[in-house]
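# Descriptive analysis of the structure
Single-letter residue listing:
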Amino acid sequence: MSSKNFYSRLVLAMALVACVPGTALAQDDHAPAAAAQSATTNSGYVIHAGHLLAKPGQPTTTNKSIIVQNGKIVAIEDGFVEGINVVDLSHAYVLPGLINLHTHMALPAYDRAFTWRLERPERVMLATLPRLKSMLEAGFTTVRDLGDDSSIMYELADATRDGIVPGPRILASEQFFGIGNAYITNYASGFRPELAPFYNNRGNCTTRDECRNAVRDEVNRGAQVIKIRLSLLPLKDTRIESVETVEELKWIIDMAHQLKRKVAVHTVVGPSFAPVTNAILAGADTIEHGPLSDEQVKLMKGRGTAYIPTLAVAKGSEATFPGLYERFHASAVLAAKSGIKFGFGTDFPLLPIDQSYREMLEMQEAGLSTSEVLKTATVNAAEILDLSDQIGSIAPGMSADIIAVDADPLTDLSVLGSVKFVMKDGKVVKAAK
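Quick caveat, the model's predicted, so the values are computed rather than measured.

Rules behind the numbers
- Residues numbered from 1 in each chain as written.
- Predicted model: local features only at pLDDT ≥ 70, side-chain atom pairs only at ≥ 80, totals over all residues.
- Heavy atoms only, no water.
- Helix = DSSP H or I, 4+ residues; strand = E, 2+ residues; numbered from the N terminus.
- Buried < 20%, exposed > 50% of the residue type's maximum accessible area, 1.4 Å probe, protein only.
- Contact = heavy atoms within 4.5 Å.
- Areas by Shrake-Rupley, 256 points an atom, 1.4 Å probe, with all protein chains shown as cover.
- Pairing = 2+ DSSP bridges.
- Phe/Tyr/Trp six-rings, centres within 6.5 Å; stacked < 30°, edge-to-face > 60°.
- Lys NZ or Arg CZ within 6 Å of the ring centre and 35° of its normal.
- Core = buried A, V, L, I, M, F, W, Y, C linked by side-chain atoms within 4.5 Å.
- Salt bridge = Lys/Arg side-chain N within 4 Å of Asp/Glu carboxyl O.
- Axes fitted to C-alpha atoms, helices over the stretch in contact; angles between N-to-C directions.

For the rest of this paragraph, the subject is the overall build of the protein. Along the protein, the regular secondary structure elements total 17 helices and 16 strands. Burial status across the protein gives 55% buried among its 433 residues. By sequence separation, contacts in the protein at least 24 residues apart represent 69% of the contacts at least 6 residues apart. A total accessible area of about 18100 Å² is found for the protein, and carbon and sulfur atoms account for 52% of it.

In structure tokens, the structure reads:
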């Protein structure tokens, strides 16, 4: 083990002892002793599901038993079968663990977006640990983390996978990729040019070879996805339609695809749609935020590009950015009518964890049915991540990522703001009371 990994693990272990003294199951006095023992020995569970939404988009079934062994779902039986470790969700609505495709788990706050990279990574890590736990307990068993300038998310992804700290499964891109340092510059941040080494990031590149090597380096470091942020210049100078060319964006995207990594592109909200068009033509797998016009919607539909609209954040930013939500909502309406694949993303921390369901309500308002909205955070999200054989539905062979709520989410999506039970990888992290 490298000294870097050893040090990071040591910090994580110390932080866990200091800030997270036990798992949610261990802290819950109402959790049955047998379940606590099973979580330790991994001997398995039988979950009695009164209403089972095994694969959102398909009909709900009733009175099923989900058999969990060694972190996997091994069978789904009719009726309520007996077992040593029974989880009684017979009056609940049971569905797959939710997937949040756009988070920044380590970002302290928007007003510190340019300075958080200057903080000690240990301090950022300590602040991030309880957030990971809260995200998991809210029902999000997987997150795609799209930008962490403190460079701790790859280590945290390993730590949550290995059970060192409680948190969702993490697929991360620590760095924002951009052509010619187009996103973060001393001009944008207001920093002195000589401070560039402290705020420049590994994803900045200016030539094809630089971009290809930057992607290779990031994947070597642990990136499971690549995140591109387009230039801010069209926002500052409305005469500029776009900064990056299709060819330049392909330098990054083609290498990412060669290395089997999907590419998410943060688009800009200037008057021109040209940057979005260029990103789609270059092969972006997901467009984050928008906005979209009829032209972009048609291009995305034809190329299979997915859309993560982050509508609730835009709505909450209306006072700062007048007209932003109107453009985002109109884009989502166009996309919904066209049948573009939507994915669920909240842009946390801009939308708090306990308000995550508001994004679902916004997508419903844009024209998606409740069933289609549920798919955005389960089936669709798993497809976007190329993990449909592991997560996103409840079926034999899948990871045992399972949540439950008290009422039917197909009737009222807001019930997903009050998740009562969470299991990740076959371990109970939030026990039903």
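After that view of the structure, there is still more to cover.
Here Gly290 and Pro291 are connected by a cis peptide whose omega angle stands at 5°. The residue Pro291 is located in the loop between β12 (286–288) and α12 (294–303) in this model. The omega angle of the peptide bond from Phe348 to Pro349 is 15°, so this bond is cis rather than trans. The backbone phi angle of Lys260 is positive, close to 60°, even though this residue is not glycine. Inspection of the secondary structure puts Lys260 in the loop between α10 (246–258) and β11 (262–266). Taking the relative accessible area as the measure of exposure, Lys260 reaches 74% and is therefore exposed.

Turning our eyes to something else, we now look at the sheet that holds β11. Pairing between the strands of a sheet is mediated by backbone hydrogen bonds and can be parallel or antiparallel. The strand order across the open sheet built from 6 strands is β9-β8-β10-β11-β12-β13, with neighbouring strands paired in parallel fashion. Across the chains shown, the open sheet's two edge strands, defined by having one partner strand only, are β9 (204–205) and β13 (306–308). In terms of strand pairing, strand β8 (residues 176–179) meets strand β10 (residues 225–229) through 2 bridges, oriented parallel. In the sheet register, Phe176 faces β10, and the bridge partner there is Lys227.

Under the counting rule described, the total for this entry stands at 2 aromatic pairs. When the centroid spacing of 5.8 Å and the interplanar angle of 15° are considered together, the rings of Phe140 and Phe344 count as stacked. With Phe140 in strand β6 (residues 140–146) and Phe344 in the loop between α14 (324–338) and α15 (357–365), the pair connects residues that are 204 residues apart, well separated along the chain. Residue Phe140 shares its accessibility class with Phe344, and that shared class is buried. The side chain of Arg229 reaches across the aromatic face of Phe176, ending 4.9 Å from its centre.

Counting residues in each nonpolar core, the largest one holds 84 residues, and the members touching the most others are Ile228, Ile252 and Ile287. The residues contacting Ile228, other than those within four sequence positions of it, are Phe177, Leu249, Ile252, Ile253, Val263, Ala264, Val265 and His266. By size, the runner-up hydrophobic cluster in this structure holds 21 residues, among which are Ala92, Ala400, Ala404 and Val428.

The subject of this paragraph is the pairing of strand β15 (residues 421–424). Moving residue by residue along a regular strand, the side chains alternate between the two faces of the sheet. Of the two faces of β15, the one carrying Phe421 and Met423 and the one carrying Val422 and Lys424 are both buried. Relative to strand β16 (residues 427–430), β15 runs antiparallel, the two being bridged by 3 bridges. Residue pairing in the sheet places Val422 in a bridge with Lys430 of β16. Where β15 folds back on β16, the antiparallel hairpin that results is connected by 2 residues, among which Asp425 adopts a positive phi of roughly 50°.

It is worth spelling out the pattern of salt bridges at this point. Evaluated as defined, the whole model comprises 17 salt bridges. Note that Glu288 is salt-bridged to Arg144, the shortest N-O span being 2.8 Å. Highlighted residues: Glu288 in strand β12 and Arg144 in strand β6, separated in sequence by 144 residues. We note that Glu288, like Arg144, is buried. Between Asp158 and Arg161 there is a salt bridge, with its nearest N and O atoms 3.2 Å apart. Placement of the pair is Asp158 and Arg161 together in helix α5 (residues 153–162), with a separation of 3 residues, close to one helical turn.

Turning next to the environment of Ile353. Within the secondary structure layout, Ile353 lies in the loop between α14 and α15. Here the alpha-carbon distance between Ile353 and Glu137, two residues 216 residues apart in the chain, equals 9.8 Å. Setting aside residues up to four positions removed in sequence, Ile353 forms contacts with Arg131, Ser134, Met135, Ala138 and Phe348.

What follows deals with the sheet that holds strand β1 (residues 45–52). Pairing is mixed across the open sheet formed by 7 strands, whose spatial order is β3-β2-β1-β4-β14-β15-β16. Unpaired on one side and paired on the other, β3 (72–78) and β16 mark the two borders of the sheet. Adjacent strand axes in the sheet meet at a mean angle of 40° when their direction is disregarded. Inspection of the sheet shows β1 paired to strand β4 (residues 86–96) by 6 bridges, in the parallel sense. If you follow Ala49 over to β4, its bridge partner there is Leu89.

With that settled, the discussion passes to the pairing of β3. Two elements, strand β2 (residues 61–69) and β3, share 6 bridges in a ladder whose sense is antiparallel. Among the inter-strand pairings, Val68 is bridged to a residue of β3, identified as Ile73. Counted between consecutive antiparallel strands, the loop separating β2 from β3 contains 2 residues, among which Asn70 sits at a positive phi close to 55°.

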